[in-house]
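Each chain is listed here by its residues.
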Amino acid sequence: MNSPPMLELLQTLVSHESPSRDKPSLDRLGSLLAEMLRERGGMVEKIANSEGGDHVLARFPGPDKLRPALVLGHFDTVWPLGTLATMPFRMENRRVYGPGTYDMKAGLTIFLDAIAERIKNRPRPIWALFTSDEEIGSPTSRALIEDLARQCAFALVLEPPMADGSLKTARKGVGRYVLAVEGKAAHAGVAPGEGRNAIVELAHQILNIQKLQDLEAGTTLNVGVIRGGTTTNVVPASALAEVDVRSTSMAEAERIDRSLRSLETVTPGTRLSISGGFNRPPMERSPAISGLFEQARRIGRSLGLELTEGSTGGGSDGNFTAAAGLPTLDGLGVLGHGAHALDEHIVIESLTERSALLAALLSELQVES
Ligand SMILES: [Zn+2]
């Protein structure tokens, strides 16, 4: 088919605002994407989701003695409805600005372009899954992604690349925990001895938590939120801390999880409870992933591109496919800057380059089975 120019496609996608928690908006964009995928020859299925936007899965046929290639993208953004009024889609200095351009409507755009125009023969089927909840940790799409991962040969993820364009071959796992302390309230002046100060106990625990960090191993813990107490003349009966945890390996994720669950109180008469866990396992750079990257590098050279690779502390749905054992390359999206920031933009000339790269990878990557 004659696909419209990529800038036009991108503008259409960006003009449909799609915050992760707004089902009507997500479903409008999801339906549009489904239609675009269908026009390009995909057999499209909408996966109903009562808790958020329906997910969109398109299957493009190919010789089915080989397992499919899985392409992953998300069409939700972090931007609330109405953002376009103050942050419109605009072109300036060979860049395109606007909410969700870089993360990751430009990624969806290059796939729509590649599948319409550039992939002449498919050595295997291509399955493209566009999800609606990546920015909130993929609560409703995770099982679906893992299920598809078990059926496919490799995964390509349309998230933005590293700042210099490098593909992402490793990502940290991401955990989120809440530590709650229960103490006992008392009048701070009249009966201080009867109270059990939950904030003091929390302060001890925050220092304990920080000691679990191991920067050399790539493990970080960030107590990012604390809350507690009611007013100054009351010994506080409750306090809590919210903790972000990142690790490069499963072993470290398990060490942190174990340690957090076995924290012990310092202040007599208080109680600790911990909830949460790792919601994205680490994407470890396995031999299969480095092998896939080596192939990508050779394929890139044939297009005149010198591909490099990098790792990041941010998670994506690639964490799920990699942890399920599927060789995964991430960061195949378009060059730009400012994900989740007011100056979010992509570099226009990168659209064509990255669409060509994606098409070449889907045409030429070889994985046994
Ligand atoms: Zn993203």
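## Re the sheet that holds strand β3 (residues 69-74)
Here's step 1: On the basis of which strands lie adjacent, the open sheet formed by 6 strands has the order β1-β2-β6-β3-β7-β16 and mixed pairing. Because the sheet does not close on itself, it has two edges, and the strands there are β1 (43-47) and β16 (328-329).
Here's step 2: Both β3 and strand β7 (residues 154-157) contribute to a ladder of 4 bridges, which runs parallel. Paired with L72 across the bridge in β7 is V157.

## Side note on the domain arrangement of the protein chain
Here's step 1: If you check the domain split of the protein chain, you get domain 1 (6-172 + 282-364) and domain 2 (173-280).
Here's step 2: The straight-line distance from the C-alpha centre of domain 1 to that of domain 2 is 37 Å.
Here's step 3: Across the side of domain 1 that touches domain 2, the residue classes break down as 3 nonpolar, 4 polar and 2 charged.

## Structural notes on the packing of helix α4 (residues 101-118) against helix α10 (residues 348-364)
Here's step 1: Across the interface, α4 lies against α10 with an axial gap of 8 Å and an inter-helix angle of 60 degrees. In terms of their interaxial angle, α4 and α10 are classed as oblique. The two elements α4 and α10 meet at a crossing, and its hand is right-handed. Seen from α4, the contacting residues are A106, T109, I110, F111, D113, A114 and R118; seen from α10, they are L351, R354, S355, A356, L358, A359 and L362.

## Structural notes on the nonpolar core
Here's step 1: Counting 66 residues, the largest nonpolar core has L70, F111 and L358 as its most contacted members.
Here's step 2: Here L358 is in contact with I110, F111, A114, L156 and L332, once residues within four sequence places are set aside.

## So, the pairing of strand β9 (residues 173-182)
Looking along a regular strand, one sees the side chains alternate between the two faces of the sheet.
Here's step 1: By the bridge criterion, 10 bridges tie β9 to strand β13 (residues 238-247) in an arrangement that is antiparallel. Paired with V178 across the strands is E242, a residue of β13.
Here's step 2: Sheet topology note: the β9/strand β14 (residues 271-280) ladder contains 9 bridges and is antiparallel. Note that in β14 the partner of L179 across the bridge is I274.

Reading the values: rules and limits
Residues numbered from 1 in each chain as written. Predicted model: local features only at pLDDT ≥ 70, side-chain atom pairs only at ≥ 80, totals over all residues. Pairing = 2+ DSSP bridges. Helix = DSSP H or I, 4+ residues; strand = E, 2+ residues; numbered from the N terminus. Domains from an automatic or database assignment. Nonpolar A, V, L, I, M, F, W, Y, C, P; charged D, E, K, R; others polar. Axes fitted to C-alpha atoms, helices over the stretch in contact; angles between N-to-C directions. Parallel < 35°, antiparallel > 145°, perpendicular 65-115°, else oblique. Left-handed = near helix turned anticlockwise from the far one by under 90°. Contact = placed C-beta atoms within 7 Å. Core = buried A, V, L, I, M, F, W, Y, C linked by C-beta atoms within 7 Å. Buried ≥ 20, exposed ≤ 12 C-beta atoms within 10 Å, placed from the backbone.

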